[in-house]
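Observations on the model geometry
Each chain is listed here by its residues.
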Amino acid sequence: MFFLAHLALGLIIGKISGHYWIALIGSLAIDIDHIIPYVRHGVIFNWKKFWKTVTSADDPYGNQRNYLHSLFTWFILSAIAFLINSSVETVFSIAYLSHLVLDALDNSDFYPLYPLRFNVRGPIVYFSRAEWIITLLLFLIYFII
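Quantities reported herein were computed from a predicted structural model and do not represent experimental measurements.

1. Here we look at the overall build of the protein
A tally of helices and strands in the protein yields seven helices and zero strands. Each helix (α) and strand (β) of the protein, taken in turn from the N terminus, gives the series α-α-α-α-α-α-α. The burial tally for the protein puts 43% of its 145 residues in the buried class. As displayed, the protein offers around 8,100 Å² of accessible surface, 73% of which is attributable to carbon and sulfur atoms. Both charge centroids of the protein, one from 9 positive and one from 9 negative side chains, sit 8 Å from each other.

Written out as structure tokens, the structure reads:
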């Protein structure tokens with residue numbers, strides 16, 4: 001899913017838990033693994049190419065959702081967060097897992113057991129009207145709470 005859907009769900013988790021920053025980090029920081037192929041292929045420095053890449057369900061580089069988009073990494077980082085602070089770990093872990101669930105819903109390549117090449121493609125077209133409706137509903141839930 002696009003960045004705004006992750007932001008909305010992170011805000012909901014932050015509002016419910018009272019730990020906004022932890023929820024937002026868990027919900028948004030996972031996408032940092034997109035930056036590596038963007039830099040490597042010069043996408044990040046070309047606005048037109050960047051916009052085309054981030055709004056497309058296709059992954060022309062084949063590695064935008066890799067290590068950080070794995071349930072293995074989710075488990076390891078959640079365990080580390082638990083060792084640091086168990087109450088914060090719960091918020092971080094739920095936010096991180098919510099990011100993975102949202103990514104599993106769209107039709108982009110998603111390998112939840114990365115580095116194993118088990119691919120999951122959800123029913124929602126990436127960057128489509130349906131995704132925007134879900135995102136708006138998530139923001140509406142946030143404002144209602």
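That was the structure; now back to the text.
2. Some points on helix H1 (residues 3–17)
In this model, H1 (15 residues) spans 21 Å end to end at C-alpha, consistent with the 21 Å of a helix rising 1.5 Å per residue. Residues Ala5, His6, Ala8, Leu9, Gly10, Leu11, Ile12, Ile13 and Gly14 constitute the buried set of H1. Of the surrounding elements, those touching the buried residues of H1 are helix H2 (20–28), helix H6 (86–105) and helix H7 (129–144). At the exit of H1 stands Gly18, carrying a positive phi of roughly 85°.

3. Observations regarding the packing of aromatic side chains
Following the criterion strictly, the structure yields twelve aromatic pairs and no others. Seen from their ring centres, Phe127 and Trp132 are 5.6 Å apart, and the 70° between their planes marks the pair as edge-to-face. Assessed through its relative accessible area of 24%, Phe127 is described here as partly exposed. Members of the aromatic cluster, joined through ring pairs, are Phe2, Tyr38, Trp47, Phe50, Trp51, Tyr126, Phe127 and Trp132. Over the ring of Tyr142 we find Lys15; its NZ or CZ atom is 4.5 Å from the centre of that ring. Directly above the ring of Tyr111 sits Arg117, whose terminal nitrogen or CZ lies 4.1 Å from the centroid.

4. Regarding unusual backbone geometry
The phi torsion of most residues other than glycine is negative, and most of the peptide bonds are trans. Following Tyr114, the chain continues to Pro115 via a peptide bond in cis, the omega torsion being 20°. Phi is positive for Phe127, close to 60°, though the residue is something other than glycine. Position of Phe127 among the secondary structure elements: in the loop between H6 and H7.

5. Looking at the side chain of His69
Relative to the helices and strands, His69 is located in the loop between helix H4 (47–54) and helix H5 (71–84). A polar atom in the side chain of His69 sits 3.0 Å from the side chain of Asp31.

6. So, the nonpolar core
Ranked by size, the top nonpolar core spans 16 residues in total, and within it Leu9 and Ile13 carry the most contacts. Of all the secondary structure elements, the ones that give two or more residues to this core are H1, H2, H6 and H7. Considering every element that reaches this core, the biggest residue donor is H1, with six residues. Leaving out residues up to four positions away in the same chain, Ile13 has contacts with Ala23, Val91, Ile94, Ala95 and Ser98.

7. Side note on the environment of Lys15
Within the element layout of this structure, Lys15 appears in helix H1. Along the backbone, Lys15 and Phe143 are 128 residues apart, and their C-alpha atoms lie at a distance of 9.7 Å. In contact with Lys15, not counting residues within four places along its chain, are Tyr20, Tyr142, Phe143 and Ile145. There is a polar contact of 3.2 Å between the side chain of Lys15 and the backbone oxygen of Tyr142.

Scoring rules and cut-offs
- Residues numbered from 1 in each chain as written.
- Predicted model: local features only at pLDDT ≥ 70, side-chain atom pairs only at ≥ 80, totals over all residues.
- Heavy atoms only, no water.
- Helix = DSSP H or I, 4+ residues; strand = E, 2+ residues; numbered from the N terminus.
- Buried < 20%, exposed > 50% of the residue type's maximum accessible area, 1.4 Å probe, protein only.
- Areas by Shrake-Rupley, 256 points an atom, 1.4 Å probe, with all protein chains shown as cover.
- Lys, Arg positive; Asp, Glu negative; His and termini not counted.
- Charge placed at Lys NZ, Arg CZ, Asp CG, Glu CD.
- Expected span 1.5 Å × (residues − 1).
- Contact = heavy atoms within 4.5 Å.
- Phe/Tyr/Trp six-rings, centres within 6.5 Å; stacked < 30°, edge-to-face > 60°.
- Lys NZ or Arg CZ within 6 Å of the ring centre and 35° of its normal.
- Polar contact = N/O pair within 3.5 Å; in protein donor to acceptor, adjacent residues only side chain to side chain.
- Core = buried A, V, L, I, M, F, W, Y, C linked by side-chain atoms within 4.5 Å.

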